[in-house]
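In case you want the letters, here they are:
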Amino acid sequence: MQNITVLSGGMGGARFLQGLLHGIAARTLPGVSPDAVVTVVANTADDLWIHGLKVCPDLDTVMYTLGDGIDPDRGWGRRDETWSVKAELASYGVEPTWFGLGDRDVATHLVRTQMLDAGYPLSQVTEALCRRWLRPAHGEAVRLLPMTDDRVETHVAIADADSPSGRRVVHFQEYWVRLRAEVPAEAVVVVGLDEATPGPGVIDAITDADLVLLPPSNPVVSIGTILGVPRVREALVATRAPVVGVSPIIGGSHVRGMANQLLTSLGVEVSAAGVGLHYGARSSGGVIDGWLVDDADAGDLERLSAGGLSCRAVPLLMTDPAATAAMAAAAIDVSRG
């Protein structure tokens, strides 16, 4: 197995990738060559412009994590960060104050914004940034691709008694960071998704893969938006590679994030089986062949099998790279039927 493609969001996807690469290096993944290439297709619908800078949270989380620059406690942003710029902006009364950029992190956004302003597409900008973060540690063994070069933004509709319509729409980052996902989500609206085109290399990464993995990223605003880019879902259906997903739901709830709220807004059952069946088996019009659930959800296996999915229950808590590598190995076993 030489080419593995992973569709990834931020923290969950990045930690899964850490484990996958650990398993490749340790040669603990069955059938995977030690010189296998991992291509990451990352969600960009969380992106936003703030203080005149283009911020790409999921791209940066994957890049910093795999480049050993992530803050391990927060799971996002830079290690050993300082916050002088944020404090100065607040002293000037510059809004928004709820979304803070660390001083080291600002450098990444400045470089990205300058390159975008110079006419480079996001895919080329990301490649340039990865020369610092991924090449020293992984050489050509890891590629990071934005799902699209086009501007796509996720917004969430929430109730608002002061609005004439009874609701208002906020950017996903405001919903997650400022509101902490504590307000019920009535709908998810991804602006620009229908008109977007896949980023360079995205479709080939799926159709030419030996294995495609869906890590435990948010099924609505991470994996869901990647699948919503025109031609991506069709590529997953058409690829000869097995497609295996890992449940983000353990014991009837998300481990971290807001999957519960957003799944509910779509009418999807918040369970390991509910998400697996939401993706659906390729044999019956869905996008996956196999599905891993946690041991706590072993009772869901019968439903998943009845839905046409090859499935298995294994420990899914990503406590360290070795434990996560074991998850990746289990996904590979499931891909073999």
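Structure's up top.
The text that follows walks through the structure, step by step, so that each part is easy to find.

### Overview of empty space enclosed by the protein
Under the defined criterion, the tally for this structure stands at one cavity of 30 Å³ or more. Put simply, the largest cavity is a space of about 80 Å³. Taken together, His51, Lys86, Leu89, Ala90, Val94, Pro96, Thr97, Phe99, Gly100 and Leu101 make up the full set of residues lining the largest cavity. Considering only residue class, the lining of the largest cavity consists of six nonpolar, three polar and one charged.

### A look at the layout of surface pockets
Here the largest pocket is characterised by a volume of approximately 1200 Å³. Looking at the lining of the largest pocket, the elements that each hand over two or more residues are helix H1 (11–26), helix H2 (57–66), helix H4 (103–117) and helix H7 (172–178). It is H2 that contributes the most residues to the lining of the largest pocket, five residues altogether. Of the residues belonging to the lining of the largest pocket, the class tally is 24 nonpolar, 16 polar and nine charged. Of the pockets and cavities examined, the second largest pocket occupies roughly 240 Å³. Along the wall of the second largest pocket there are 17 residues; nearest its centre are Ala14, Gln18, Thr65, Leu66 and Ile70. Every element with two or more residues in the lining of the second largest pocket is listed here: H1 and H2. A per-element tally of the lining of the second largest pocket places H1 first, with six residues.

### Re the side chain of Thr44
Mapped onto the fold, Thr44 is located in the loop between strand S2 (37–42) and strand S3 (48–50). You can call Thr44 buried: its relative accessible area is 2%. Among residues more than four places away in sequence, those in contact with Thr44 are Leu59, Leu122, Pro146, Met147, Thr148 and Val152.

### Thoughts on the pattern of salt bridges
Scanning all chains against the criterion turns up 11 salt bridges. A salt bridge links Arg112 to Asp60; its shortest N-O distance comes to 2.5 Å. Pair noted here: Arg112 is in helix H4 and Asp60 is in helix H2, with a separation of 52 residues, a long-range link. According to the relative accessible area criterion, Arg112 is buried, its value standing at 1%. As a salt-bridge pair, Asp333 and Arg312 come within 3.6 Å of each other at their nearest N and O atoms. Note that Asp333 is positioned in helix H14 (residues 321–335) and Arg312 in strand S14 (residues 310–313), a separation of 21 residues in sequence. Residue class for Asp333 comes out partly exposed when judged on its relative accessible area of 29%.

### A word on the nonpolar core
Across soluble globular proteins, you tend to see nonpolar side chains buried next to one another. In terms of nonpolar packing, the biggest core is built from 53 residues, with Leu7, Tyr175, Leu262 and Tyr279 touching the most fellow members. Excluding residues that lie within four positions of it along the chain, Tyr175 makes contacts with Val156, Ile158, Val170, Arg180, Ala181, Val183, Pro184, Ala185, Met258, Gln261 and Leu262. Counting residues in hydrophobic clusters, the runner-up holds 45 residues, among them Val38, Val125, Trp133 and Val244.

### A few points about unusual backbone geometry
Backbone torsion omega between Glu95 and Pro96 reads 0°, so that peptide bond is classified as cis. Summarising the element assignment, Pro96 is placed in the loop between helix H3 (84–91) and H4. The backbone of Asp68 shows a phi angle near 60°, a positive value even though the residue is not glycine. Counting through the fold element by element, Asp68 comes out in the loop between H2 and H3.

### Structural notes on helix H12 (residues 272–279)
Across the eight residues of H12, six count as buried, placing the element largely inside the fold. Contacts from the buried residues of H12 go to strand S9 (211–214), helix H9 (223–228), strand S11 (249–250), helix H11 (259–266), strand S13 (290–293) and helix H13 (301–306). Downstream of H12 by one or two residues, Gly280 has phi in the positive range, about 80°.

### Thoughts on the sheet that holds strand S6 (residues 153–159)
Read from one edge to the other, the open sheet built from three strands follows the order S7-S6-S8, with strand pairing classed as antiparallel. Only two strands of the sheet have a single neighbouring strand rather than two, namely strand S7 (167–171) and strand S8 (185–191). Adjacent strand axes in the sheet meet at a mean angle of 25° when their direction is disregarded.

The rules behind each value
- Residues numbered from 1 in each chain as written.
- Predicted model: local features only at pLDDT ≥ 70, side-chain atom pairs only at ≥ 80, totals over all residues.
- Heavy atoms only, no water.
- 1 Å grid on protein atoms, 1.4 Å probe; cavity = no way out; pocket = protein on both sides within 12 Å on 5 of 7 lines; lining within 4 Å.
- Points joined across faces, edges and corners; volume = space filled by probe spheres on them.
- Nonpolar A, V, L, I, M, F, W, Y, C, P; charged D, E, K, R; others polar.
- Helix = DSSP H or I, 4+ residues; strand = E, 2+ residues; numbered from the N terminus.
- Buried < 20%, exposed > 50% of the residue type's maximum accessible area, 1.4 Å probe, protein only.
- Contact = heavy atoms within 4.5 Å.
- Salt bridge = Lys/Arg side-chain N within 4 Å of Asp/Glu carboxyl O.
- Core = buried A, V, L, I, M, F, W, Y, C linked by side-chain atoms within 4.5 Å.
- Pairing = 2+ DSSP bridges.
- Axes fitted to C-alpha atoms, helices over the stretch in contact; angles between N-to-C directions.

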